[in-house]
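# Summary of the model geometry
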Amino acid sequence: MSATDTQAQASESAILSVRNLAKSFGGLKAINDVSFDAQAGEVTALIGPNGAGKTTVFNLVTNIMSRDAGRVMFAGRDLANLSPVKIASLGLIRTFQSARVFPGMTAIENVMVGGHRLGRHSLPSQSLWLPGARDEERTLRLRAEEMLELVGLAPFADMHATELPMGAQKLLEVVRALMAQPKLLCLDEPAAGLNDTETQELANLLRAIRKLGIPVLVVEHNMSLVMNVAGRIVVLDSGAIIATGTPAEVQSNSRVIEAYLGREGQGHAAT
Ligand SMILES: Nc1ncnc2c1ncn2[C@@H]1O[C@H](COP(=O)(O)OP(=O)(O)OP(=O)(O)O)[C@@H](O)[C@H]1O
């Protein structure tokens, strides 16, 4: 089998295939010929030193930013020219580095919002509070309660989301994304700003998500978290991929060690 055949085969089992992605900001090649897959039923981690281009990859994949070149296939569909909203409606759901909870809503309402993507009832029937819409709302609330339970936030269900500590808000955002029953969940530094207990809750949640078979693409700096939950790791450095493999393979890769440790003291080391 040729290398091309192998690559084509890999793409078939992938929920997300990124090929030859490129993006420059002025003279800076932020993303340079980046190709990788996120496999169905697996947690894929995208790691790399600060400024490596991880968030830019997320922004290019979800069309929040336009790319200069490359192709992104999601669940067999080319995402070119699709709006971020359309991409989310296809089941590619992402979170952001800084938590984005909806102000003026309680924690549970924030989580329930995630499930409305799947609602069958129209806005008029919801606003008239017709029986079908009522049942749907009840089911959503029950699922949201389960989600809050999963991350230890059930006691805070009726608090205003913005009154919760930042770490709790980030967990809330992850479970809200999960409520949308994603075909691929993309998490941008979910552990940033979390304390030890919250990081543990997040690790448990990621393991639960993995068990459910929901594929995850996660950008993360917390190496012990990544090494524990990811099946496959893609390492970016200065906009290019320098290694791909299992946690063990990546940990012993000399280019990866150089990318992180070689710059220790310059604020680039992984935490
Ligand atoms: N909108 C933009 N305009 C100009 N330069 C940008 C823009 N977005 C990102 N960059 C630059 O592109 C490079 C990659 O940035 P990016 O935020 O994707 O890195 P990252 O790996 O996510 O970093 P971090 O781990 O610090 O979040 C950096 O040099 C950054 O300064």
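Computed from a predicted model, the values in this text were never measured in an experiment. (Residues numbered from 1 in each chain as written. Predicted model: local features only at pLDDT ≥ 70, side-chain atom pairs only at ≥ 80, totals over all residues.)

## Side note on the overall build of the protein chain
Scanning the protein chain for helices and strands turns up 11 helices and 10 strands. Relative to all contacts within the protein chain whose residues are 6 or more apart in sequence, the contacts with residues 24 or more apart total 69%. (Helix = DSSP H or I, 4+ residues; strand = E, 2+ residues; numbered from the N terminus. Contact = placed C-beta atoms within 7 Å.)

## Considerations on the packing of helix 4 (residues 107-115) against helix 7 (residues 166-179)
Their axes nearest at 6 Å, the elements helix 4 and helix 7 cross at an angle of 35°. The chirality of how helix 4 crosses helix 7 is right-handed. Each of Ala107, Asn110, Val111, Val113, Gly114 and Gly115 in helix 4 lies in contact with helix 7, whose residues at this interface are Leu172, Val175, Arg176, Ala177 and Met179. Grouping the constituent residues of the contact of helix 4 with helix 7 by class yields 7 nonpolar, 3 polar and 1 charged. (Axes fitted to C-alpha atoms, helices over the stretch in contact; angles between N-to-C directions. Left-handed = near helix turned anticlockwise from the far one by under 90°. Nonpolar A, V, L, I, M, F, W, Y, C, P; charged D, E, K, R; others polar.)

## Remarks on the sheet that holds strand 1 (residues 14-25)
Working definition: the strands of a sheet are paired by backbone hydrogen bonds and lie parallel or antiparallel to each other. Read from one edge of the open sheet, 4 strands run 2-1-4-5, paired in antiparallel fashion. Each of the sheet's edge strands pairs with one partner strand only, and the pair in question is strand 2 (28-39) and strand 5 (77-78). (Pairing = 2+ DSSP bridges.)

## Regarding the site of the ligand
Close to the ligand lie Phe25, Leu28, Ala30, Gly48, Asn50, Gly51, Ala52, Gly53, Lys54, Thr55 and Thr56, which account for all nearby residues. Going through the elements one at a time, strand 2 and helix 2 (54-61) are the ones with two or more residues in the shell around the ligand. Counting residues per element, the shell around the ligand draws most heavily on helix 2, at 3 residues. By residue class, the composition of the shell around the ligand is 4 nonpolar, 6 polar and 1 charged. (Near = placed C-beta within 6 Å.)

## Looking at the nonpolar core
A general feature of soluble globular proteins is that nonpolar side chains tend to end up buried together. Counting residues in each nonpolar core, the largest one holds 75 residues, and the members touching the most others are Val111, Leu172, Val175, Leu185 and Val235. In terms of residue count, helix 7 provides more of this core than any other element does, 8 residues in total. Aside from chain neighbours lying at most four places away, what touches Val235 is Ile47, Gly48, Ile241, Ile242, Ala243, Val250, Val256 and Ala259. (Core = buried A, V, L, I, M, F, W, Y, C linked by C-beta atoms within 7 Å. Buried ≥ 20, exposed ≤ 12 C-beta atoms within 10 Å, placed from the backbone.)

## Some remarks on the sheet that holds strand 3 (residues 43-47)
In spatial order, the strands read 6-7-8-3-9-10; together these 6 strands make up an open sheet with mixed pairing. Strand pairing shows two members of the sheet lacking a second neighbour, strand 6 (92-94) and strand 10 (240-245), which therefore form its edges. Direction aside, neighbouring strands of the sheet carry axes that sit 15° apart on average.

## Section: the pairing of strand 4 (residues 69-74)
Summarising the sheet, strand 1 and strand 4 pair through 5 bridges and their orientation is antiparallel. Bridge pairing in strand 4 links Ala22 to Ala69. Across 2 bridges, the pairing between strand 4 and strand 5 is antiparallel. Each residue of the ladder has a partner; that of Phe74, found in strand 5, is Arg77. Counting the residues in the hairpin turn of strand 4 and strand 5 gives 2 residues, including Ala75, whose phi is positive at 50°.

## Structural notes on the confidence of the model for the protein chain
Per-residue pLDDT for the protein chain averages 86, and the proportion of residues at 70 or more is 85%. Residue range residues 1-10 is modelled with pLDDT below 50. Its contacts to residues more than four positions away, or to other chains, number 2 contacts. Counted against residues more than four places away or in other chains, residues 265-271, with its pLDDT under 50, gives 14 contacts. If you check the scores for this complex, the pTM reads 0.84 and the ipTM reads 0.96. (pLDDT = per-residue confidence, 0-100.)

## Topic: the environment of Glu137
Note on placement: Glu137 falls in helix 6 (residues 131-150). The class for Glu137 is partly exposed, based on 17 C-beta atoms found within 10 Å. Between the C-alpha atom of Glu137 and that of His116, which follows or precedes it by 21 residues, the distance is 9.0 Å.

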